[in-house]
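Analysis of the macromolecular model
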Amino acid sequence: MKFDLVIAGVGGQGNILASQVVAKCAMDAGYNVVNTETKGAAQRGGSVLSHVRIADGEIFSPLVPAGQADVLLGFEPLEALRYIGLLSKKGTFIINTAPVPTILANMKVDEYPSTEQIVAIIKDKGLAGHFLNATRAAKELGNVLLTNVVMLGALTAVSNVLSPDVILKKLLTMVDEKFHADDSRAFAVGRGLIGKEG
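So, here is what we can say about the structure in this document. From a predicted model like this one, the values you see are computed outputs, not experimental measurements. (Residues numbered from 1 in each chain as written. Predicted model: local features only at pLDDT ≥ 70, side-chain atom pairs only at ≥ 80, totals over all residues. Heavy atoms only, no water.)

Bringing the packing of aromatic side chains into the picture now. Summed over all chains, the structure comprises 1 aromatic pair. Residues Phe93 and Phe131 carry aromatic rings whose centres are separated by 5.0 Å and whose planes lie at 55 degrees to one another, so their mutual orientation is tilted. Linking Phe93 in strand β5 (residues 87-96) with Phe131 in strand β6 (residues 128-132), this pair joins segments that are 38 residues apart in sequence. Classification of Phe93 as buried rests on a relative accessible area of 2%. (Phe/Tyr/Trp six-rings, centres within 6.5 Å; stacked < 30°, edge-to-face > 60°. Helix = DSSP H or I, 4+ residues; strand = E, 2+ residues; numbered from the N terminus. Buried < 20%, exposed > 50% of the residue type's maximum accessible area, 1.4 Å probe, protein only.)

So this is what it looks like as structure tokens:
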């Protein structure tokens, strides 16, 4: 068994927590696991890319090679586009369509492409996947910080490598108890978004 997951987002989106939840679940299940991140210069708003490699055999590199990821979880659409080349032709993407414009785009120094442009470029690549607005779903639940949990729930709807119950239970062990009810709702909403996107 081999499963490679890439999570692409920006600082402050909970990318690292999501990758650690998956990695710890896989370790508990007895798999060999390597989990690492590459981060941009800015802690908040900078690019964050997490690699989670799971196998029942040896893992030779901490980084998922180009064209090898089984799932690309894009927390931010432009970051997902930046790393779509890591996804296998047989893989699946799940991309949150809510943009987080760069600092330079906010200063009108740089232009952030429209979500429609990003979606069109990714669709032209002929890859399988899902576009959903996890940020809007999190806001509807009352807290935009739940976006990463919505995305984790969505991941469990497209991959059966680890059971949804195991992933949710592990997540709840890693966050304060006062967030458990909201995280459980966000996780369920994420699972429900797969197949319902437009």
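Here the narrative resumes.
With that out of the way, let us pick up the nonpolar core. Looking at soluble globular proteins, one finds that nonpolar side chains tend to be buried together. Among the nonpolar cores identified, the biggest contains 35 residues, and Leu5, Val22, Leu73 and Leu152 are the most heavily contacted of them. Secondary structure elements with two or more residues in this core: β1 (2-10), α1 (15-28), β3 (47-55), β4 (69-74), α5 (134-140), α6 (147-158), α7 (164-173) and α8 (180-193). When neighbours within four sequence positions are excluded, Leu73 is seen to be in contact with Leu5, Val6, Ile7, Ala8, Ile94, Met151 and Leu155. Counting 21 residues, the second largest nonpolar core, distinct from the first, contains Ala80, Leu87, Tyr112 and Ile118. (Core = buried A, V, L, I, M, F, W, Y, C linked by side-chain atoms within 4.5 Å. Contact = heavy atoms within 4.5 Å.)

Glancing now at helix α4 (residues 115-124). Every buried residue of α4 is listed here: Thr115, Ile118, Val119 and Ile122. All buried residues of α4 fall inside an arc of 95 degrees around its axis, so they share one side. Every exposed residue of α4 that faces more than 90 degrees away from the buried side is listed here: Glu116 and Asp124. Looking at the buried residues of α4, the elements they touch are α2 (77-82), β5 and β6. Gly126 occupies a position one or two residues after α4 and carries a positive phi of about 75 degrees. (Arc of directions from axis to C-beta.)

On to empty space enclosed by the protein. Summed over the entire model, instances satisfying the criterion amount to 1 cavity of 30 Å³ or more. Of the volumes computed, that of the largest cavity is approximately 50 Å³. Around the largest cavity sit Phe3, Val22, Leu155, Thr156, Ser159, Val161, Leu162 and Ile167, which together line it. Classifying every residue of the lining of the largest cavity gives 6 nonpolar, 2 polar and no charged. (1 Å grid on protein atoms, 1.4 Å probe; cavity = no way out; pocket = protein on both sides within 12 Å on 5 of 7 lines; lining within 4 Å. Points joined across faces, edges and corners; volume = space filled by probe spheres on them. Nonpolar A, V, L, I, M, F, W, Y, C, P; charged D, E, K, R; others polar.)

Another point: unusual backbone geometry. Positive phi is not limited to glycine here, since Lys108 has a value of about 65 degrees. Secondary-structure assignment places Lys108 in the loop between α3 (103-106) and α4.

A large share of β5 lies buried, amounting to 7 of its 10 residues. Pairing analysis gives 5 bridges linking β4 to β5, with the strands arranged parallel. Looking across to β5, one finds that Gly74 is bridged to Ile95. In this fold, β4 hands off to α2, which returns the chain to β5; that crossover is right-handed. As paired elements, β5 and β6 share 5 bridges and run parallel to each other. Following the sheet pairing, Asn96 is matched in β6 by Leu132. (Pairing = 2+ DSSP bridges. Right-handed = clockwise from strand over helix to strand, strands pointing away.)

When α7 is considered as a whole, its buried residues turn out to be Ile167, Leu168, Lys170, Leu171 and Leu172. Buried positions along α7 lie against α1, α6 and α8.

This paragraph deals with a nonpolar patch on the surface. Together, Ile103, Leu104, Met107 and Val109 line one region of the surface with nonpolar side chains, adding up to about 420 Å² of accessible area. Within the element layout of this structure, Val109 appears in the loop between α3 and α4. Residue Val109 is classed as exposed on the basis of its relative accessible area of 59%. (Patch = residues over 30% accessible without salt bridge, like charges linked within 9 Å, V, L, I, M, F, W, Y side chains within 5 Å. Areas by Shrake-Rupley, 256 points an atom, 1.4 Å probe, with all protein chains shown as cover. Salt bridge = Lys/Arg side-chain N within 4 Å of Asp/Glu carboxyl O.)

Quick look at the side chain of Glu76 now. On the secondary structure map, Glu76 appears in the loop between β4 and α2. Within the buried set, Glu76 has no salt-bridge partner at all; the shortest N-O distance to an opposite charge, 6.7 Å, is to Arg82. A distance of 2.9 Å separates a polar side-chain atom of Glu76 from the backbone nitrogen of Leu78. Of note is the side chain of Glu76, whose polar atom sits 2.3 Å from the side chain of Tyr112. Beyond its immediate stretch of four places on either side in the chain, Glu76 contacts Ala8, Gly9, Val10, Gln13, Asn96, Ala98, Pro99, Val100 and Tyr112. (Lys, Arg positive; Asp, Glu negative; His and termini not counted. Polar contact = N/O pair within 3.5 Å; in protein donor to acceptor, adjacent residues only side chain to side chain.)

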